[in-house]
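# Chains, contacts and geometry: an overview
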Amino acid sequence: MIFFKVASLYLSDWLCQLSVTSDKNINIAKARTSIELASKQGASLVILPEMWNCPYSTDYFAEFAETLDAHDITAAPSCSMLSEVASREGITIIGGSIPERSGGKLFNTCCVFAPNGELLAKHRKMHMFDIDIVGDISFKESDIFVPGEEPTIIDTDVGRIGVGICHDIRFPELAMVYRARGCHLICYPGAFNVSTGEALWELEQRARAVDNQLYVATCSPSRDSAGSYTIWGHSTLVNPFGEIVATSGHDQTIIVTEVDYSAVQCTRDALPIWKQRREDVYRFID
Ligand SMILES: NC(=O)CC(=O)C(=O)O
């Protein structure tokens, strides 16, 4: 989980990496305790990991799925906990992700809650994690999930935030949309595995941050989470200059760090690459 304390343009940021079990009630209780702890310490934004209520495995997604009705969140125990804690503590929550059931389909969905407990937005993972690295890892999210169709931009008390989920980070176009629409921060709840994580997790975050000159936050479950998928961990915050502000190892942990949104404009003034783009010459197809 990541937590932010906000004072005008200046935030204090907590990253809290949760160990996910195969018992949903335990996962909900653990997340609640961590959010409350963050709030007591002054956090105003909390970010949870991808699949914080469910092991990251195609064997579990359907069983752990919840139906999310913005008008009656009580049928979804994971999200009703987030809504209740958001309103009791008066904080914004980027709710990692959970399996969502809707219209006979399943989505990998991040719910965002306002400090009054209102469901502000839902981001459905847009790019399915379907990979096959011979002799290493095979995973096919699209066996279970259907991709979301839209980018998600939310105006919150802690800035304009874009949301992506894990594999979404590999698509620079999505991050560019967020930059073009004025986001200061992109949050990617994620659960990279050890193979891709070691090679690419940090690289992808720094690339999205430096190309778009904004903050990138990632939040992962910890390595000891349930299921056969081995999680990389290493929740991280990267600044608009591509530098790592804070990161973790792979164990369950909380990191507290600080975010200064003025770095977004400073970096853009110093290196005005957005204005220097040559859209007149970029062509994907002749
Ligand atoms: N959960 C994911 O989308 C995993 C991923 O992208 C990876 O590289 O691992």
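Everything in this summary refers to the structure shown in the same document. Remember, predicted model here, so these are calculated numbers, not experimental data.

## Topic: the overall build of the protein chain
Helix and strand counts for the protein chain come out as seven helices and 16 strands. Relative to the globule expectation of 19 Å for 286 residues, the C-alpha radius of gyration of the protein chain, 18 Å, shows essentially globular dimensions. A principal-axis box enclosing the C-alpha atoms of the protein chain has dimensions of 50 × 45 × 35 Å. Taken over 286 residues, the protein chain has a buried fraction of 54%. Here the contacts in the protein chain between residues at least 6 apart in sequence split such that 67% fall between residues at least 24 apart. Carbon and sulfur atoms make up 51% of the accessible area of the protein chain, which amounts to about 12000 Å² in all. One finds the centroid of the 24 positive side-chain charges in the protein chain at a distance of 4 Å from the centroid of its 37 negative side-chain charges.

## Side note on the layout of surface pockets
Computed from the structure, the largest pocket encloses a volume of approximately 350 Å³. Looking at the largest pocket, it is lined by 13 residues, and the ones nearest its centre are Met 176, Trp 274, Arg 277, Tyr 282 and Phe 284. Where the lining of the largest pocket is concerned, the elements lending two or more residues are α4 (172–180), α5 (194–212) and α7 (273–276).

## Examining the site of the ligand
Every residue close to the ligand is listed here: Glu 50, Tyr 56, Lys 125, Phe 129, Cys 166, His 167, Arg 170, Ala 191, Phe 192, Asn 193, Thr 196 and Tyr 229. Here an oxygen atom of the ligand sits 2.8 Å away from a polar atom, N or O, in the side chain of Lys 125. For the ligand, an oxygen atom lies 2.6 Å from a polar atom in the side chain of Arg 170. Considering the ligand on its own, with 270 Å² of exposed area, one finds that the protein chains cover 100% of that surface. Taken together, the residues that form the shell around the ligand break down as six nonpolar, three polar and three charged.

## What to know about the pattern of salt bridges
Counting across every chain of the model gives 18 salt bridges. As a salt-bridge pair, Arg 32 and Glu 84 come within 3.2 Å of each other at their nearest N and O atoms. A residue pair is termed long-range when its members are at least 10 positions apart, and Arg 32 in helix α1 (residues 24–40) and Glu 84 in helix α3 (residues 77–89) qualify at 52 residues. We note a salt bridge from Glu 100 to Arg 124, for which the minimum N-O separation is 2.8 Å. Taken together, the positions of Glu 100 in strand β5 (residues 98–102) and Arg 124 in strand β7 (residues 119–124) put the pair 24 residues apart, joining distant regions of the chain. By relative accessible area, Arg 124 is classed as partly exposed at 23%. Ionic contacts of the salt-bridge type, sharing partners, join the residues Arg 32, Glu 36, Lys 40, Glu 84, Arg 88 and Glu 89 into one network.

Analysis parameters
Residues numbered from 1 in each chain as written. Predicted model: local features only at pLDDT ≥ 70, side-chain atom pairs only at ≥ 80, totals over all residues. Heavy atoms only, no water. Helix = DSSP H or I, 4+ residues; strand = E, 2+ residues; numbered from the N terminus. Rg over C-alpha atoms; globule rule 2.2 N^0.38 Å. Buried < 20%, exposed > 50% of the residue type's maximum accessible area, 1.4 Å probe, protein only. Contact = heavy atoms within 4.5 Å. Areas by Shrake-Rupley, 256 points an atom, 1.4 Å probe, with all protein chains shown as cover. Lys, Arg positive; Asp, Glu negative; His and termini not counted. Charge placed at Lys NZ, Arg CZ, Asp CG, Glu CD. 1 Å grid on protein atoms, 1.4 Å probe; cavity = no way out; pocket = protein on both sides within 12 Å on 5 of 7 lines; lining within 4 Å. Points joined across faces, edges and corners; volume = space filled by probe spheres on them. Near = heavy atom within 4 Å. Polar contact = N/O pair within 3.5 Å; in protein donor to acceptor, adjacent residues only side chain to side chain. Nonpolar A, V, L, I, M, F, W, Y, C, P; charged D, E, K, R; others polar. Salt bridge = Lys/Arg side-chain N within 4 Å of Asp/Glu carboxyl O.

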